[in-house]
Amino acid sequence: MMGCWMLNESVSVVLALSWLGVNLYLFIDTFRWYGEEESFFYTRVILGSTLAWARASAVCLNFNCMLILLPISRNLISFIRGASICCRGPWRRHLDKNLQFHKLVAYGIAINATIHTAAHLCNLERYHLSQSAEAAGLLAALSKLGDTTNESYINPIRTSHTNTTTELLSTIAGVTGLLISLALILIMTSSTEFIRQISYELFWYTHHMFIIFFISLSIHGAGRIVRGQTPESLLLHNVTFCRDHYAKWQAAAQCPVPQFSGKEPSAWKWVAGPVVLYACERVIRFWRFQQEVVITKVVSHPSGVLELHMKKRNFKMAPGQYVLLQCPSISSLEWHPFTLTSAPQEDFFSVHIRTAGDWTRALQKAFEAEGQAIKEPRSLPRLAVDGPFGAALTDVFHYPVYFYWICRDPSAFEWFADLLLSLETRMSEQGKTHLLSYHIFLTGWDENQAIHIALHWDENTDVITGLKQKTFYGRPNWNNEFRQIAYNHPRQHSSLCS
């Protein structure tokens, strides 16, 4: 089992380990550099090791912010899937794990942002303490730099009476840091499974705070609060010798007063490319939004399932792909993914939408599909379609397929049973019944239904679905099911889709 898992997930494992390795390398290398670099020796006198913690986490934060937009650039992924020679056959399906990688990178951002914030709060307190009356020696001498002309400061806190919170919120770094933190907290908390199920709209709208996040990140370092000794000053001021003669900096020619400056902000260099790519992605989405979609058929099925048949110019699809739908009359911002349920050779494409939230409920109402009343196509609300996306499952027909359908209500089988019956008949006519094995499970029934099943039992067809395959009652024992599949195909590797 472990060997099969490694074979199926090898690409994902390698990618995750590579991402982790780059993060560790950047953190350790930056931490070591700021812990040893001569130009930051005097800064370390004041801040200690928290300087290295803040800067190392900042580099990792920039790296992950560079990656975070790439997995959600669907058109970029589609281009890679279509153009790359390496993305053939089963390798393509790993590109469909883009959201998993997006979440992984988001965790990296959260962890490094937490370290960065905590380290800088410690730095701010140490800056403040170095201006206190208790500070002495080299620490006090460094904090007093900048009080006279022709001197540059190293400590941004100029007096011991300064309120650190007020001082922080009066700087670019403080304000943008607060905005970054608030945006990140709202985005992360609204991304939980619990929130998405309760209110997908809340998740969708708060995610657009990424605009505030990236703008604030790009200018966060413009204040240059953390300062190091300038290269010109290092040539004249030998730190190794002069650190012990700080009392003579003003008089000794070999130890002139050190000069300091902040490092040029670099966050924007990390994220500029991905932001431009994502901007192009949104432009493509807007262009597709403007394209006309003709709704040719609307069918209301039991159990709150809406079937839509649509046509769009130059639309081409493959089995297993999905589209994003938007209904401007419901929301001008929300796009929702739905799997395509039509065949590529048909002159239309279709989706089946089950009522499961506010948006789908509003869509049902917009199409007046809660009953059986269907509007004329011309009077239907406008829909926008983006896609198709996802890897084509063209190789699925080369292997046996085991389909498990589990429902609580018998009426839920009605809308899909006709399709399965058609497929069952077609497979039988073509002599390919071995390619599809479906198993239907009913998890909820009452006494009347049980009596009806017993009275109308038929050896050839199922009482509930009318199919040849009998319905099982209760939940499947997955251990037994997987064991039977492995027994039937002892030399084949199996993949699970849900």
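This report concerns the structure included in the present document. (Residues numbered from 1 in each chain as written. Predicted model: local features only at pLDDT ≥ 70, side-chain atom pairs only at ≥ 80, totals over all residues. Heavy atoms only, no water.)

**A short note on the pattern of salt bridges**
Part 1 of the argument: Considering all chains together, one arrives at eight salt bridges under this definition.
Part 2 of the argument: Arginine 32 is the partner of glutamate 36 in a salt bridge, and the nearest nitrogen-oxygen pair spans 3.3 Å. Here arginine 32 and glutamate 36 lie together in helix α1 (residues 2-36), a separation of four residues that amounts to about one turn.
Part 3 of the argument: With a relative accessible area of 54%, glutamate 36 lands in the exposed category.
Part 4 of the argument: Salt bridges here are not isolated pairs; linked through shared partners, they connect Asp29, Arg32 and Glu36. (Salt bridge = Lys/Arg side-chain N within 4 Å of Asp/Glu carboxyl O. Helix = DSSP H or I, 4+ residues; strand = E, 2+ residues; numbered from the N terminus. Buried < 20%, exposed > 50% of the residue type's maximum accessible area, 1.4 Å probe, protein only.)

**Brief notes about empty space enclosed by the protein**
Any space left empty among the atoms is revealed by the rolling of a water-sized probe across them.
Part 1 of the argument: Tallied over the entire structure, the rule returns one cavity of 30 Å³ or more.
Part 2 of the argument: Lining the largest cavity are Leu124, Pro156, Ile157, Glu167, Leu168, Thr171 and Ile225.
Part 3 of the argument: Among the residues making up the lining of the largest cavity, the classes are represented as five nonpolar, one polar and one charged. (1 Å grid on protein atoms, 1.4 Å probe; cavity = no way out; pocket = protein on both sides within 12 Å on 5 of 7 lines; lining within 4 Å. Points joined across faces, edges and corners; volume = space filled by probe spheres on them. Nonpolar A, V, L, I, M, F, W, Y, C, P; charged D, E, K, R; others polar.)

**Observations regarding the sheet that holds strand β10 (residues 436-442)**
Part 1 of the argument: The three strands lie next to each other as β9-β10-β11, forming an open sheet whose pairing is parallel. Only two strands of the sheet have a single neighbouring strand rather than two, namely β9 (401-407) and β11 (471-473). Strand-to-strand twist across the sheet, computed as the mean angle between neighbouring axes with direction ignored, equals 25°.
Part 2 of the argument: Here seven bridges tie β9 to β10, and the two strands are oriented parallel to one another. Looking across to β10, one finds that phenylalanine 403 is bridged to tyrosine 438.
Part 3 of the argument: Packing of helix α18 (residues 478-488) onto the sheet brings it into contact with β9 and β10, and relative to β9 it is tilted by some 165°. (Pairing = 2+ DSSP bridges. Axes fitted to C-alpha atoms, helices over the stretch in contact; angles between N-to-C directions. Contact = heavy atoms within 4.5 Å.)

**Re the sheet that holds strand β7 (residues 349-354)**
Note: strands within a sheet are paired through backbone hydrogen bonds, in either parallel or antiparallel orientation.
Part 1 of the argument: If you walk across this open sheet you meet the three strands as β3-β4-β7, and the pairing is antiparallel. One side of each edge strand has no neighbouring strand; the edge strands of this open sheet are β3 (293-301) and β7. Direction aside, neighbouring strands of the sheet carry axes that sit 20° apart on average.
Part 2 of the argument: The pairing of strand β4 (residues 305-312) with β7 spans six bridges and is antiparallel. Across the sheet, the residue bridging to histidine 309 is serine 350, located in β7.
Part 3 of the argument: Running over the sheet, helix α15 (residues 358-366) touches β4 and β7 and is turned about 115° from β7.

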